[in-house]
Amino acid sequence: MASSLTSPQHGNDSGDGWPRVCRAAARLFCVPASGLVLGDGDAYVSEMNLAPDGTVTRRSLRRARSTSRTVLDTRRPVFVSDLRLTHALHETKVPDGVIAFGAVALDVAGAPGALWIGDTVPRTWTERDRERLADSAQLLGDILPVVTSPGADPAPSWTSASGLSATILIVEDDAGVRAFTRRALERLGHRVLEADSADAAFGVIEGTGEPIHLVITDIVMPGMSGRELAIRLSIEQPSVRLLLMSGHDAVADEVQREDGLPFLQKPFSMEHLAASVGRALGTAA
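Each value, and the rule that gives it
Residues numbered from 1 in each chain as written. Predicted model: local features only at pLDDT ≥ 70, side-chain atom pairs only at ≥ 80, totals over all residues. Heavy atoms only, no water. Helix = DSSP H or I, 4+ residues; strand = E, 2+ residues; numbered from the N terminus. Contact = heavy atoms within 4.5 Å. pLDDT = per-residue confidence, 0-100. Buried < 20%, exposed > 50% of the residue type's maximum accessible area, 1.4 Å probe, protein only. Right-handed = clockwise from strand over helix to strand, strands pointing away. Core = buried A, V, L, I, M, F, W, Y, C linked by side-chain atoms within 4.5 Å.

### A word on the environment of L242
Consideration 1: Position of L242 relative to the elements: it lies in strand β10 (residues 241–246).
Consideration 2: Taking C-alpha positions, L242 is 9.8 Å from L169, a pair spaced 73 residues apart along the chain.
Consideration 3: Residues contacting L242, with those up to four places away along its chain left out, are R27, L214, V215, A230, L233, S234, L261, P262 and A280.

Here you go:
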């Protein structure tokens, strides 16, 4: 029998970061459901689930009833294209409507767990899906202790006489592209901040005294990639809008097909940039 968690270290649904993590994972993989599972010992697990209807639930569950129990026990990933074709749908607990299921191991401060995503239609899991989910789980394990205790999120509004004036951070290692993008955005009436790497971007975000409404980041950069930056920002700064960009055709195809985030193909004109920024901010006509 599932029961509500009351352990204080997990916080509450409205104030801690667990719902944000679930929503960020679902958004990044273009699926309607996701969840986190942490072992509470040999017999029980703690689950935080985002259901397809948007409901976030938390429960303490017998380990044997957890859909992620195989991952917890063996540390091996599990990918099922259609749960209806297996016994798993009847023997375990997943949110109503979840049919396709994928889960990989997650470690938070040394505690074993699992990150899972699910779809409401059958899904063919590609090797790229597996790699991206594993990479995301590794990143989440490092940052979850930091993001699971903040308060509720404020962050964003922007107004001007023309109807739009946002603070935008450009993350781009090419100085020429960065300079062109800055000038174009300033001509459009935005306040622009710059960073030449993902690591530098976090310093800018922490150091600025005002909310940042949009981060425009190149995908292929030395060190942390733009995609990794997007994952972290989706969790740590969920109110910040994201716009990914790249000049690599293969990367562009993958982002538009898999990531579900606004994308800007390089090279671009000022008009193309303006349209993409408007869509990313939700202000395009």
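### Describing the confidence of the model for the protein
Consideration 1: When pLDDT is averaged along the protein, the result is 78; 78% of the residues meet or exceed 70.
Consideration 2: Across the protein, strand β7 (residues 167–171) holds the top mean pLDDT of 95, while helix α3 (residues 88–91) sits lowest at 59.
Consideration 3: Here residues 1–15 is modelled with pLDDT under 50, and outside its nearest four sequence neighbours on either side it reaches 30 contacts, counting other chains as well.
Consideration 4: A low-confidence stretch, residues 156–161 stays under pLDDT 50, and its non-local contacts, those more than four residues away or across chains, total 11 contacts.

### Brief notes about the environment of S68
Consideration 1: Within the secondary structure layout, S68 lies in the loop between β3 (56–62) and α2 (69–74).
Consideration 2: Given a relative accessible area of 1%, S68 falls into the buried group.
Consideration 3: When the C-alpha positions of S68 and A114 are compared, they lie 6.5 Å apart, and in sequence the two are 46 residues distant.
Consideration 4: The contacts of S68, once residues within four sequence positions are left out, are V37, F101, A103, A114 and W116.

### Observations regarding the pairing of β7
Consideration 1: Of all five residues in β7, five are buried; the element is thus mostly enclosed.
Consideration 2: Burial of β7 is two-sided: the residues T167, L169 and V171 facing one way and the residues I168 and I170 facing the other way are all buried.
Consideration 3: Following the chain from β7 across helix α5 (residues 175–187) to the adjacent parallel strand β8 (residues 191–195), one finds a crossover that is right-handed.

### Examining the nonpolar core
Consideration 1: Core analysis: the largest hydrophobic core is formed by 49 residues, its most contacted members being L115, L169, V215 and L229.
Consideration 2: Broken down by element, the residue count for this core peaks at seven residues, all from helix α1 (residues 18–28).
Consideration 3: Setting aside residues up to four positions removed in sequence, L229 forms contacts with V171, A198, A201, F202, V215, T217 and M224.
Consideration 4: Among the nonpolar cores identified, the runner-up in size contains 17 residues, and I168, L185, V192 and L214 belong to it.

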